Amino acid sequence: MPGPILLVGLALAVGSAWAADQGARRHAQGQFDGATGLYVVAEGDDLSAIGERLEVSAAALKAANQIEGDLLQIGQRLQVVTGAPEVTASGGVQITGVPGAPDATTTISGTQLPPPDPKFGGVIKNDALQSKPWWAPRVVPPQGAPNVLLIITDDAGFGVPSTFGGVIPTPSMDRIANEGLRYNRVFSTALCSPTRAALITGRNHHSAGFGVISEQSTGFPGYNSIIGKDKATIGRILLDNGYATSWFGKDHNVPAFAASQVGPFDQWPTGMGFEYFYGFVGGDANQWQPNLFRNTTQIYPFEGKPEGTWNLVTAMADDAIDYMTRIHQIDPSKPVFIKYAPGATHAPHHPTKEWVDKISAMHLFDDGYEKLRERIFENQKRLGVIPQDATLTPWPADVLKPWDQLTAEEQKLFIRQVEVFAAYAAYSDHEIGRVIQSFEDLGKLDNTLIIYINGDNGTSAEGGPLGTPNEVAFFNGLNKLPAEVQMKWYEVWGTEQTYNHMSAGWSWAFDTPFDWFKQNASRLGGINQNMVVSWPALIQDKGALREQFVHVIDVMPTILEAAGIAAPGVVDGIEQAPIEGTSFAYTFDAANAEAPSRHQTQYFEMMGQWALYHDGWLLSTQVNRAPWEAFGPANPDPLNNQVLQLYDLGTDFTQAADLAAKHPEKLEELKALFVAEAKKHQVFPLDASVAGRIVAPRPNITAGRSEFVYTRPMVGLPQGDSPLLLNTSYTITADIEVPEGGAEGMILTSGGRFAGYGFYLLEGKPVFLWNLVDLERLKWEAPDALPPGRHTLEFDFHYEGLGAGTLALNNFSGVGRPGTGTLKVDGKVVDTKRMEKTLPMILQWDESFDIGSDTLTGVNDADYRPAFAFTGKLEKLTIKVDRPELSPEEIQQLKEAAAKAADQR
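Residues numbered from 1 in each chain as written. Predicted model: local features only at pLDDT ≥ 70, side-chain atom pairs only at ≥ 80, totals over all residues. Heavy atoms only, no water.

### Some points on the packing of helix α6 (residues 312–330) against helix α9 (residues 408–441)
Okay, step 1: Across the interface, α6 lies against α9 with an axial gap of 10 Å and an inter-helix angle of 10°. Here α6 is positioned roughly parallel relative to α9, judged by the angle of their axes. Mapping the contact onto sequence places Val313, Thr314, Ala317, Asp318, Ala320, Ile321 and Met324 in α6 and Tyr424, Tyr427, Ser428, Glu431, Arg434, Val435, Ser438 and Phe439 in α9.
Okay, step 2: Of the residues contributing to the contact of α6 with α9, the split by class is 9 nonpolar, 3 polar and 3 charged. (Axes fitted to C-alpha atoms, helices over the stretch in contact; angles between N-to-C directions. Helix = DSSP H or I, 4+ residues; strand = E, 2+ residues; numbered from the N terminus. Parallel < 35°, antiparallel > 145°, perpendicular 65-115°, else oblique. Contact = heavy atoms within 4.5 Å. Nonpolar A, V, L, I, M, F, W, Y, C, P; charged D, E, K, R; others polar.)

Written out as structure tokens, the structure reads:
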């Protein structure tokens, strides 16, 4: 059985440097060999004097040499290291090999990272033959420290996996549950980036700067999407303590304004202690053609492969298996830490056809989402993962149309939507199983701690009640596309032709036994996840259930305790903020199966909805906004303008019985506690806005600039670091040279198949095209091909709205307004069109701003397929942006309108 988790108060040597001799003195007369670190006890010696002479503590000498008392024997040999802290009787310095030899290793206390460089312990004379070489010992984790596989899936509620009563087969999660433990009270933050920041730092999401996702960041400490230097990640701590650290799949903790190749890269996985990264940095990704990085370099492993044959879900499993095998073959003794974060089941739902066919053949969803919910609820009670007296809250018929009220076409569409979602979940679990099996194949599974968290929040309802073939449409306010429109994509649902999401009715069912969704921080459907944990060498209570309260901030201290590694006090000279999580390693012991939860108080807040858990009670705000209702004025006073509810989770597992009227004093007590927690963790100022924050000003490389000049091809610039052409007037000018025989290809594009624009030559003719979320394409086109020679192409757009500045005043009137575009060739107008509607919020965010060719998907498949490289010569490309500025009169009018709206609320 591994030892570290059982060693309470383990203290390890800092730096592990062999001692430098300060010379013989009273009560320390023995001989000392600096090359070997060995001291020979002389008559009259005592530990304190030896320690003073050799600059070590007496306690460290006792621990390193396993001395119980204070008596020494003449001639006794002591192993000596410098920099060792006081140690307890339960642990001490762990050293292997001969001190100073190339194979020597040591552990560190970890109180300071990186550890101080050790002093040279050899002997230097005038010539090498009379000198003794000495190598600093290699830092390793404590003996028995486990490998760690930390898995977190995306947008998956409590009722998704079969492990917790769901109908979707998840045998890999079942395997871990049967070999380890199930947890049914595991809590997230209700949203992606925030949960992930909390997971890797052990601090609350606002404490770590992630009150919302990085794409919504604002200029307040709790919301700026910057993890502070005083909050070293689990990757960094394990790395400096001798682990190999890696991260696969979704990141979503890189600030949107720091995701380009200009960096900085300190907020990327490789800058936060993860030596190896293979994945995507944004909130989601096209799994067929992702915006994929290896470390900080964009890669395109899918290029040249037939459509539908390469998928990131399999590719990241392959890469993780290759990584862990490579580490094992090079150094079998080195433990690995892998953060494994698949994009599943966040939209777009992109499983392979094989998995869609498997799930479709099972006919799991033919009787609709209400029956699905009831079936999952029955399964959960049968499995014992929820209490037998748990109550299922009523179906929200006022929010989601009951199944029997849908048209036959809607039912057909919705079944297709959910089968693709379920296939995505099953496919992802299968690939996770391959990674787990690889630990067993390498002989490492026995001493591997696997933490498999189902969902970083509840199931997403961002597809709206009807679902959507294109999630980008939702983020631009188009979230109620009729079924007859969506049926155009029925046969290709889940392929590279869609960026699909399902009806929120299924999402409600997949959050069973709870209600509401991702984003809803005050309801258990948004925040109560589940988890399985195995560690075969240590966890003996196999297949058991744990019901203690666990939050994602508890994962980091649990891993540290399991590895026997201390949380550092100082990293890179910066004093560290306290870890706010509580280890749940105590639950690994069967004797603690019924032990009280050690995590007793936890706040929740997401976009103005909030809650507080304290000692079994839950204070929560009544839901006042469905997740798809993101484009109206926000609650101006989210702290006080709320209906408060109160639940006793000790007797009411599903948050079904509101006790606010019975216990008003408890309600007020918990509200005051929430305010105190909010002040402590940077939750203020509360902000209930959703879509408005997507276009909030940020310190990206375009901030304050109105002109951008490019003189050579360049691809891969992310949306957050490229010129934003939404809600503004702009002029794009391209000076080009057409060779003999003509030219074609992409001059400038941003976005892709699901929303974006392109400026290109098609069969020699200049074209400017706007792709309006794959529902409409508006094209400006010259009548004639360009002859050889130099030409100036210009696209000028005049925007008629007030601009994004209205959002700061809780008003959407300035965005998505009409405008007129004019295409010119060599100063002559060749086409003019009016856009009745423009995109208000965002382009396809997993695509990039490209000059000279088009990466990933194209904005119009009917015209070209990427890369569509420009075959002429680009002399210069200039973009001039003329953003609207609100006049004092307009600001006053908007303020009055906001005040009036607040009064009406």
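Structure shown, so let's carry the discussion forward.
### Focus: the pairing of strand β30 (residues 745–752)
Okay, step 1: Burial analysis of β30 places 8 of its 8 residues in the buried class, the great majority of the element.
Okay, step 2: Bridging between β30 and strand β31 (residues 755–762) involves 7 bridges; their strand directions are antiparallel. Bridging from a neighbouring strand, Gly745 pairs with Leu761 of β31.
Okay, step 3: Sheet topology places β30 next to strand β37 (residues 848–851); 3 bridges connect them, and they run antiparallel. When the sheet's bridge partners are listed, Leu748 is paired in β37 with Ile851. (Buried < 20%, exposed > 50% of the residue type's maximum accessible area, 1.4 Å probe, protein only. Pairing = 2+ DSSP bridges.)

### Concerning α9
In an α-helix, one full turn covers 3.6 residues, which means residues spaced three or four apart are oriented alike.
Okay, step 1: With 34 residues, α9 extends 49 Å between its outermost C-alpha atoms, agreeing within 8% with the 50 Å of an ideal straight helix rising 1.5 Å per residue.
Okay, step 2: Counting buried positions along α9 yields 25 of 34 residues, so the element is predominantly enclosed.
Okay, step 3: Residue Gly443 follows α9 closely and has a positive phi angle near 75°. (Expected span 1.5 Å × (residues − 1).)

### What about the packing of aromatic side chains?
Okay, step 1: Counted according to the given criterion, the structure contains 50 aromatic pairs.
Okay, step 2: On the basis of an interplanar angle of 25° and a centroid distance of 6.3 Å, the ring pair of Trp355 and Tyr427 is categorised as stacked. Here Tyr427 lies in helix α9 and Trp355 lies in helix α7 (residues 353–360), a separation of 72 residues in the sequence.
Okay, step 3: Residue Trp355 is classed as buried on the basis of its relative accessible area of 11%.
Okay, step 4: Judged by relative accessible area, which is 2%, Tyr427 ranks as buried.
Okay, step 5: Three or more aromatic residues joined by ring pairs make a cluster, and in this case those are Phe365, Tyr369, Trp395, Trp403, Phe421, Trp506, Trp508, Phe510, Trp516, Phe517 and Trp628. (Phe/Tyr/Trp six-rings, centres within 6.5 Å; stacked < 30°, edge-to-face > 60°.)

### Observations regarding the packing of helix α3 (residues 171–179) against α9
Two measures define how a pair of helices packs: the angle their axes make with one another and the distance between the axes.
Okay, step 1: Two elements in contact, α3 and α9, have axes separated by 7 Å at closest approach and are oriented at 45°. One finds that α3 runs oblique with respect to α9. The segment α3 lies against α9, with Pro171, Ser172, Met173, Arg175 and Ile176 engaging Asp429, His430, Ile432, Gly433, Ile436, Gln437 and Glu440.
Okay, step 2: Considered class by class, the residues forming the contact of α3 with α9 number 5 nonpolar, 4 polar and 3 charged.

### Digging into the nonpolar core
Nonpolar side chains tend toward joint burial in soluble globular proteins.
Okay, step 1: Within the largest apolar cluster, 186 residues are counted, with the highest numbers of intra-cluster contacts made by Tyr278, Tyr340, Phe365, Trp506, Phe510, Ile736 and Trp770.
Okay, step 2: Broken down by element, this core gets its largest block of residues, 16 residues, from α9.
Okay, step 3: Setting aside anything within four residues of it in sequence, one finds Trp506 in contact with Phe365, Gly368, Tyr369, Leu372, Trp403, Phe414, Ile415 and Val418.
Okay, step 4: Ranked by size, the runner-up nonpolar core spans 58 residues in total, among them Leu181, Ala198, Ile200 and Phe210. (Core = buried A, V, L, I, M, F, W, Y, C linked by side-chain atoms within 4.5 Å.)

### Overview of unusual backbone geometry
Okay, step 1: With omega at 0°, the peptide bond leading from Ala347 into Pro348 counts as cis.
Okay, step 2: Here the residue pair Phe684 and Pro685 is connected by a cis peptide bond, since its omega of 5° sits within 30 degrees of zero.
Okay, step 3: Relative to the assigned elements, Pro685 resides in the loop between α15 (664–680) and β27 (707–710).
Okay, step 4: Of note, the phi angle at Met607 is positive, near 50°, even though the residue is not glycine.
Okay, step 5: With respect to the helices, strands and loops of the structure, Met607 is situated in the loop between β23 (601–606) and β24 (609–614).
Okay, step 6: For Met607, a relative accessible area of 3% puts it in the buried group.
Okay, step 7: Within the chain, Phe868 stands out as a residue other than glycine whose phi angle is a positive 50°.
Okay, step 8: Secondary-structure assignment places Phe868 in the loop between β37 and β38 (873–882).

### Things to note about helix α8 (residues 369–383)
Okay, step 1: Taking 1.5 Å of rise per residue, the 15 residues of α8 would be expected to cover 21 Å, and the 21 Å separating its terminal C-alpha atoms lies within 8% of that figure.
Okay, step 2: Turning to α8, its buried residues number three or more, namely Tyr369, Leu372, Arg373, Ile376, Phe377, Asn379, Gln380 and Lys381.
Okay, step 3: Looking at the buried residues of α8, the elements they touch are α9 and α12 (504–510).
Okay, step 4: One or two steps after α8, the chain reaches Gly384, where phi turns positive at roughly 80°.

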